[in-house]
Each structure stands twice: as C-alpha cells, then as structure tokens.
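Here is what each chain is made of, one letter per residue.
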Amino acid sequence: MPTKKQLEEADRAIREVDWEKLRAMSDEEIIAAARADPDSSLPTDEQLAEFDLVIPAKSRRKPPKEAAE
C-alpha cells in the first residue's frame, strides 16, 4: 500500500503533466518518449503475454440505483 508521501508525489506529478501536449502526440511519439526516458520501462510482447488482466472489485460494483421519484 502506498504511503501518504507517495500518494502526494503521484498527485503532484499528475498535476504537472501538460495534458494538451500529450493529447496532441501520436502513439508513436508517446512510445518514443517513453523509450527515451531512463526511468521508463516498456514491457516486451512476451512479458505482456504473461500478464493477467485483473479488474479491481471496486470498479466491478454496480452503481447504486437512483431513487424513485
């Protein structure tokens, strides 16, 4: 479980993203930028094939029924 400090650092990093610039980038440009980033690690196709998709239980819950009017 992440610490409060880790969560705060993640929140700060998300706020610093230039979302308009990111939306304007092609998939190829995003992949090239990730490959150029020494802190990034792109999984290979073989590694991706080993992953199991796990959907957190919280996101599988049905939304509450709206109150009848």
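Presented here is an overview of the structure given in this document. All values derive from a computational prediction rather than experimental measurement. (Residues numbered from 1 in each chain as written. Predicted model: local features only at pLDDT ≥ 70, side-chain atom pairs only at ≥ 80, totals over all residues. Heavy atoms only, no water.)

**As for the overall build of the chain**
Check the secondary structure of the chain and you find five helices and zero strands. Secondary structure elements in the chain, listed N-terminal to C-terminal, are α-α-α-α-α. Across the 69 residues in the chain, those meeting the buried criterion constitute 1%. Total accessible area computed for the chain in this model is approximately 7,300 Å², and 55% of it derives from carbon and sulfur atoms. (Helix = DSSP H or I, 4+ residues; strand = E, 2+ residues; numbered from the N terminus. Buried < 20%, exposed > 50% of the residue type's maximum accessible area, 1.4 Å probe, protein only. Areas by Shrake-Rupley, 256 points an atom, 1.4 Å probe, with all protein chains shown as cover.)

**A few points about the pattern of salt bridges**
One pass over the structure, following the stated rule, counts one salt bridge. Glu-20 is the salt-bridge partner of Arg-23, the closest N and O atoms lying 3.1 Å from each other. With Arg-23 and Glu-20 both in helix α2 (residues 19-24) and three residues apart, the pair spans about one turn of that helix. (Salt bridge = Lys/Arg side-chain N within 4 Å of Asp/Glu carboxyl O.)

**Concerning a nonpolar patch on the surface**
Together, Ile-14, Val-17, Trp-19, Leu-22 and Ile-30 make up an exposed nonpolar region whose accessible area comes to about 390 Å². With respect to the element layout, Leu-22 can be found in helix α2. (Patch = residues over 30% accessible without salt bridge, like charges linked within 9 Å, V, L, I, M, F, W, Y side chains within 5 Å.)

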